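Chain and residue survey
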Amino acid sequence: MTVSIALFTQDLRLHDNPVLHAAHTSADQVVPLFVSDPAVEAAGFAAPNRQAFLADCLADLDASLRGIGSRLTVRRGEAAEQTARLAAETGATTVHVAAGVTGFAHRREVRLRKALGERLHVHEASVTVVPPGRITPVGRDHYAVFTPYHRAWQEAPRRTVLAVPGALRTPGGIDSDTLLVSGTTSPGLPPGGESAGRARWRTWDVDAYADVHDDLAADDTSRLSPYLHFGCLSPTELVAHALRHDGEGARAFVRQLAWRDFHHQVLAARPDAARRDYRDHDDHWHHDEEETEAWRQGRTGYPIVDAGMRQLAYEGWMPNRARLITAGFFAKCLYQDWRIGAAHFLSLLVDGDVANNQLNWQWVAGTGTDTRPNRILNPLRQADRYDPDGAYVRRWIPELAHLPGPAVHRPGLFAHGYPAPIIDPDALTTRFRIGRP
Ligand SMILES: Cc1cc2nc3c(=O)[nH]c(=O)nc-3n(C[C@H](O)[C@H](O)[C@H](O)COP(=O)(O)OP(=O)(O)OC[C@H]3O[C@@H](n4cnc5c(N)ncnc54)[C@H](O)[C@@H]3O)c2cc1C
């Protein structure tokens, strides 16, 4: 009787899971394992919103595994140590895990290799559609510009979508820990797990996506990012399905998934970009804790910025346009260090992701892969363009709900209990222009 371990990481699903598929087809019995590593908490990365979502994901994964005759084992500790211990307990001869892109994932893989040697099998194209490093420009180890990456990405071979195993056999008598969840969570968090992710995916209509994805009031983007972050949904399956569906909306949606892969391949090649400027411009960042706090609380006096920040606090999520506006305001208009803003996002985002968060922040701050690094998104013009009627602002800022139409973006004297702008509207570009040499 052969036994294999399927070590789940950022692939908490049964559908189209290369790790589970390989564990299932290579042994008589499979032990599905998730290791909760205290190092993630110690690094400050286990934000309450993501921990709560993760707990849902694990409960859902366990229920789905039970549906096919198995169950999930959860262990707490360092991943390689716990996996090797479980392999010894169960006599497992192979361990399957998805390739990750972060510095943490690389270190985990090195330790797993050291502990397990040839018994470890690492599977690509699990977290991303195209594995980082699979497509590269001539003479470089990764793409630094999205457009040529996207062109190559569209041509790159993709693996086929894998079926859910019909039945799994799992040895009995294995102890399981529970995940520790603590801290206050946002009241409007979505439910976690593959079932919830697939339900959202099935009910969301991709057809209108190209037209409405930047319309803040419409709130009609997929909202699949947390499910993609935890791997409750497979990006490969989403792309295959969207391309079969075809149409402008589907193509625009697939393009966004290519952006996700793009950031992953940058981070895989440059793990230090999680903290260090990808392109150093010798910025002399402004520092003002009071301003930063006003931004965090959604009290900057710029309604479109404050609406986004309040949505972030309430839902642990924001649409891309709101992220661009709020981050742009912080990094370019206030000209404060993007790392401070990115850390606040990571403390709340339920989809908070080292690759997507840090590299999008760098893009916005002009230290990353934007080919126009000096562009500044003026929050008032963004408001006029992406919330023309002001409905998004009225939804998130009750103090301004009495103001009709676009007047809500410039509340002036009519704003009872709403703060005056923390930076003069005429000075929105000044600090950046002076501060960046
Ligand atoms: C400052 C900033 C920080 C961000 N932080 C994160 C983060 O921590 N985690 C995260 O998943 N995304 C992040 N994004 C990217 C993007 O804003 C979110 O993925 C998107 O808003 C999620 O909503 P959705 O699922 O409805 O997206 P949709 O518009 O429906 O897009 C579909 C999917 O494509 C991917 N995607 C879309 N836009 C981007 C993008 N610009 N970069 C990379 N992938 C993208 C996401 O996986 C998303 O779920 C950030 C963007 C900015 C500007």
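The structure displayed is predicted, hence computed values, not measured ones.

A closer look at the pairing of strand β1 (residues 3-8)
Burial analysis of β1 places six of its six residues in the buried class, the great majority of the element. Side chains Val-3, Ile-5 and Leu-7 of β1 all project onto a buried face; the interleaved residues Ser-4, Ala-6 and Phe-8 project onto the opposite face, where all are buried too. Two elements, β1 and strand β2 (residues 29-36), share six bridges in a ladder whose sense is parallel. By the bridge assignment for β2, Ser-4 is matched with Val-30. Pairing geometry for β1 and strand β4 (residues 94-98), over four bridges, is parallel. Within β4, the residue paired with Ile-5 across the bridge is Val-95.

Re the sheet that holds strand β5 (residues 120-123)
One open sheet holds the five strands; their spatial order is β3-β2-β1-β4-β5, and the pairing between them is parallel. Either end of the sheet is taken by a strand with one partner, and the two such strands are β3 (73-76) and β5. Between one strand and the next, the sheet's axes are offset by a mean angle of 30°, whatever the strand orientation. By the bridge criterion, four bridges tie β4 to β5 in an arrangement that is parallel. Bridge pairing links His-96 to His-121 in β5. Here helix α4 (residues 79-90) sits on the sheet and contacts β1, β2, β3 and β4; the angle it forms with β2, its principal contact strand, is near 155°.

Thresholds, definitions, all that
- Residues numbered from 1 in each chain as written.
- Predicted model: local features only at pLDDT ≥ 70, side-chain atom pairs only at ≥ 80, totals over all residues.
- Heavy atoms only, no water.
- Buried < 20%, exposed > 50% of the residue type's maximum accessible area, 1.4 Å probe, protein only.
- Helix = DSSP H or I, 4+ residues; strand = E, 2+ residues; numbered from the N terminus.
- Pairing = 2+ DSSP bridges.
- Axes fitted to C-alpha atoms, helices over the stretch in contact; angles between N-to-C directions.
- Contact = heavy atoms within 4.5 Å.

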